[in-house]
Amino acid sequence: MKRVFLFLALAAPIGAFILAPIGYWLTQALSTLSGARLPLPLGDMLFSPLWATVQTGVGSALLALFVGGTAAIFVERTDIFFKGFLRPAFTLPTAIPPYIWAVGWVALANPKTGYLNTLLGVTWFNVYSPGGIIGVLGSAAVPLVYLPTVAALRRIDPAWEEAARLSGAGPLAALLHVPVRLVWPAMASGAASAFLYAAASFGVPYLLGVAAQPPTVTLTMRVYTELLLGPTGLMTATLFCLPLFALAAVTTLGTQWVTQKGQVRWAAGKGLGRRVQPLGSLRPALAGVLGLAASVFFVLPLMAIVLASLQRVGGQVSQLTFAHWAEVLGNHRTIAALSQSALLGAGAALGVTVFGLLIALAAESFGACGRALKLVASWPYALPGTVLALALVLAFSRDIRFIFANRVAFVLALNGSVGLLLLAWVVKHLALGAQNASEALAQADRSLPEAARVCGATPWQAFFQGTFPQVAPRLGAAATLTFLICATELTLAVLLVPSGYDVLGTLIFEMQSYGDPASAAVLSSALVLVVAAVLTFVGALRRKERA
Amino acid sequence: MASVSLEGLEKSYGATPVVKGLSLHIASGEFLALLGPSGCGKTTTLRVIAGLEQAHAGRVSIGGQPVEGDGQYVPPERRQLGMVFQSYAVWPHLTVEENVAYPLRLKKVSRADIAPQVAAALAQVRLTGLGARRPDQLSGGQLQRVALARALVGQPKVLLLDEPLSNLDAALRDELRAELGHLRSQLGLTFIYVTHDQSEALGLADRIAVLNEGLLEQLATPHDIYHSPASPFVARFVGGATLLKGRVDEGQLHADGLTLPLPGDCRRVGSTRSEHVTAAIRSEDVVLGEGSTQLTVLARLFQGSTTEYRLRWGEHFLRAHGPWRDDAHPGRPIAIRVRRLTLF
Ligand SMILES: Nc1ncnc2c1ncn2[C@@H]1O[C@H](COP(=O)(O)OP(=O)(O)O)[C@@H](O)[C@H]1O
Ligand SMILES: [Mg+2]
């Protein structure tokens with residue numbers, strides 16, 4: 001009885017804040033479809049943004065696959081130079097939100113004043129183009145391919161490549177015939193993540209696509225512009241979310257199918273060596289190519305942001321000033337946005353961690369029901385943010401009254417409040433909390449809480465005495481990650497912040513899109529510095545823990 | 001078939017030297033065992049011969065052709081060697097046939113010629129009929145045979161084996177050891193066989209190179225290694241001898257508080273000075289129930305065809321092998337005589 005009550009107490013919010021809004025949006029969208037008083041035939045209306053979205057997604061996924069996959073193979077399996085630079089360069093870009101990379105690329109490659117274009121005297125590369133969108137999103141998504149590929153490569157015995165060498169294969173053939181053949185499912189699922197990352201992105205296509213000739217308009221951009229129109233737009237926006245939702249579903253299911261089909265089983269070796277293939281005479285050339293790629297994709301845009309933040313408007317690169325920094329960081333609007341982001345981000349991190357831990361515990365203790373609960377709670381993470389935001393807007397645009405036993409009543413009034421944004425951030429990132437908590441619980445030593453039970457502790461006391469201290473570091477890391485993601489988030493925020501209210505992401509977005517790129521550069525540099533500081537701190541903590 | 005020679009080979013990992021100036025000549029068609037304790041640099045030496053590691057100094061040549069040294073380095077794929085790895089290294093994404101066919105495919109052998117050569121190699125290691133299996137459907141012993149077939153199919157000049165039997169259980173190990181011996185006599189190939197197991201080396205090899213901490217201790221036939229060890233290390237590692245340090249005085253060995261009359265069969269190695277000697281006594285050379293020296297029986301371990309005794313005096317121990325004796329109760333004193341020993 002008590003167990004049933006506990007389970008329902010967890011299932012109720014998941015039903016109310018995940019299943020109900022998504023279900024409501026789907027019924028609304030389908031009824032709009034059948035009730036059809038559409039401005040244009042449905043096919044004409046959807047085709048062009050869907051095509052732009054698919055192009056963006058596929059192009060970015062291919063770029064991320066090529067760069068991330070190649071980098072992973074050479075950094076992990078060969079004696080290439082510069083590993084100390086290449087590893088972080090291919091690992092960290094996703095820690096910085098994608099619109100920041102767009103800010104950097106605009107400074108580098110806008111057609112008139114971009115540093116690269118002025119330096120070369122011709123418009124070498126116009127970032128306001130479909131290619132620009134793909135370049136920025138694809139390079140930002142490189143870690144989504146690089147990291148799973150590296151993880152898969154570390155399970156491969158180096159003796160397998162050596163056996164290929166002894167059989168007559170050169171270094172590149174040995175890499176191609178053995179590790180690449182074994183890790184392609186990991187690469188493919190990384191590329192699928194990159195596809196979704198790009199297809200669901202809003203900030204980068206908006207910042208670069210609106211000014212393109214002709215303009216590139218993706219599905220997420222259409223949802224945004226429809227919502228700006230008010231109630232009439234809301235109904236058309238539900239329709240633009242349908243293909244986004246379908247793309248995500250197909251990609252997720254397709255990835256699962258591919259990884260299962262492509263899985264090759266082998267006995268996990270004990271203590272595999274970390275020996276690598278000598279590249280011989282190819283070593284300097286390959287190191288140069290990868291080092292150059294990492295510098296162009298990940299170092300140059302950051303340098304451009306910093307330079308843009310220090311440059312006088314219309315001035316020479318040689319006349320640098322901190323005036324913008326003082327002005328922007330002292331501005332009350334900036335201060336308000338920064339504190340709102342910090343506060344809401346911390347709230348979201350807390351919510352994700354606590355609720356994620358509860359879900360992980362439920363998945364352990366309530367059998368199939370518990371696992372189903374975790375699956376549903378993890379669903380929004382795989383959903384494009386735009387779809388989730390629209391579903392929440394739709395479901396909570398009216399106040400909802402709850403009355404229990406004819407007595408206790410409360411009103412859920414999320415419409416037009418930051419509460420809705422906080423809710424969206426928590427819902428979207430619950431999977432991070434639940435997954436990290438599950439993995440931490442799986443690694444925790446069970447004998448400690450059992451010892452506490454034997455000494456007479458209640459289950460809760462035993463949990464807090466025995467298990468919690470073991471999982472706390474991992475939960476802390478997950479909370480920090482969630483904080484960083486939410487405090488710099490744009491896709492959900494741009495649809496859900498009440499008017500007259502700023503968070504960091506929306507403020508930078510507004511500055512960049514309404515003609516104040518210098519201020520946007522200042523805030524972007526500050527953001528990158530904070531992210532770098534937090535990551536360094538977390539890294540140092542982890543190293544200390546291991547030592 | 002080809003000879004292999006190493007000259008002054010040196011290899012370090014970081015600041016730690018692992019191979020310290022190793023010189024060896026392995027004749028064409030010879031079966032050489034590299035024998036030594038774990039960590040002495042056997043695998044490293046084999047990997048340098050294969051070209052998987054580059055030496056820091058020294059020369060390697062295969063079949064008279066220099067492949068390493070003097071700024072020259074021939075990569076492994078062009079050395080025409082076969083290698084069997086300790087972990088087998090059978091590729092999990094290919095079937096048995098595809099694994100064995102791989103070296104032929106790289107040699108651009110035509111499809112029509114690959115099938116019979118693969119079938120012949122599989123027959124050679126008695127795997128006929130298992131060609132379509134995936135590696136995860138094979139036992140450890142079968143994986144080992146696949147690795148061997150793959151190493152042989154390209155008709156290498158030299159076959160390198162790194163502890164090929166160490167991951168197998170005892171019965172399978174005996175069986176495969178016998179098969180390797182048989183294969184060897186059929187093939188007439190140069191073998192370099194790394195092992196830490198003295199019985200494998202003694203049973204299979206034409207000559208054994210005993211390595212200790214990256215240095216060559218002795219290079220000789222199994223018979224000589226066993227009967228005429230060149231150093232205390234070889235006597236202990238290969239013969240299982242007990243080492244005693246002491247001095248020789250008027251036909252008596254005084255060592256670690258024990259006095260033993262020197263037997264007639266006493267081998268002296270090197271310019272042993274009488275005041276500082278190391279005596280190596282093999283367990284089967286200790287005769288129980290005879291002689292004037294009294295030791296205490298610490299343990300008596302029945303092993304079927306023989307019995308092992310641990311004998312003690314003070315803080316020191318002596319190993320002995322012999323027939324079962326009722327009177328050698330643990331805790332009781334017993335008389336011993338040493339019928340043969342080596343002085344270093
Ligand atoms: N890749 C490596 N990096 C650093 N040290 C190594 C490496 N490979 C081997 N060693 C060290 O070199 C020594 C000799 O190793 P190895 O040749 O594998 O010995 P063996 O095969 O005789 O057991 C060992 O101390 C080992 O720890
Ligand atoms: Mg070894």
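The rules behind these values
- Residues numbered from 1 in each chain as written.
- Chains lettered and ligands numbered in written order.
- Predicted model: local features only at pLDDT ≥ 70, side-chain atom pairs only at ≥ 80, totals over all residues.
- Heavy atoms only, no water.
- Contact = heavy atoms within 4.5 Å.
- Buried area = accessible area lost by both parts, 1.4 Å probe.
- Salt bridge = Lys/Arg side-chain N within 4 Å of Asp/Glu carboxyl O.
- Polar contact = N/O pair within 3.5 Å; in protein donor to acceptor, adjacent residues only side chain to side chain.
- Nonpolar A, V, L, I, M, F, W, Y, C, P; charged D, E, K, R; others polar.
- Domains from an automatic or database assignment.
- Helix = DSSP H or I, 4+ residues; strand = E, 2+ residues; numbered from the N terminus.

> It is not clear to me how the interface of chain A and chain B should be interpreted in this structure. Could you clarify?
Residue-level contacts link 23 residues of chain A with 23 residues of chain B. Here chain A packs against chain B, burying approximately 2,000 Å² in sum over the two surfaces, 62% of which is carbon and sulfur. If you look at where chain A meets chain B, you find two salt bridges. A salt bridge links Arg165(A) to Glu77(B); its shortest N-O distance comes to 2.8 Å. Scanning the region where chain A abuts chain B turns up seven residue pairs in polar contact (both at pLDDT 80 or more). By residue class, the composition of the side of chain A that touches chain B is 12 nonpolar, four polar and seven charged.

> Looking at this structure, how should I read the domain arrangement of chain B?
When the parts of a complex come together, some accessible area is lost, and that lost area is often taken as the interface size. All names here are of chain B. Under the domain assignment used here, chain B contains domain 1 (4-231) and domain 2 (241-343). Of note, the centres of domain 1 and domain 2, computed from C-alpha atoms alone, are 39 Å apart. With five residues of domain 1 at the interface, the matching set in domain 2 holds four residues. Both faces combined, the contact of domain 1 with domain 2 buries some 390 Å², and carbon together with sulfur accounts for 34% of it. In this assembly, domain 1 and domain 2 are joined by zero salt bridges. Where domain 1 touches domain 2, the interface holds three residue pairs in polar contact (both at pLDDT 80 or more). Of the residues that constitute the side of domain 1 that touches domain 2, the class distribution is three nonpolar, two polar and no charged.

> Looking at this structure, how should I read the domain arrangement of chain A?
All names here are of chain A. Looking at the assigned domains, one finds that chain A contains domain 1 (1-33 + 321-547) and domain 2 (46-308). Here domain 1 and domain 2 have C-alpha centroids that lie 25 Å from each other. Every contact between the two is made by 35 residues of domain 1 and, on the other side, 33 residues of domain 2. Where domain 1 abuts domain 2, roughly 3,000 Å² becomes buried across the two surfaces, and 82% of that area is made up of carbon and sulfur atoms. On the domain 1 side of the interface with domain 2, the three residues burying the most area are Leu390, Phe509 and Gln512, jointly 17% of the side's total. Where domain 1 meets domain 2, there are zero salt bridges. Of all the secondary-structure elements, those providing two or more residues to the side of domain 1 that touches domain 2 are α1 (2-35), α17 (367-382), α18 (385-395), α22 (491-496), α23 (504-513) and α24 (517-546). Split into classes, the residues belonging to the side of domain 1 that touches domain 2 amount to 25 nonpolar, 10 polar and no charged.

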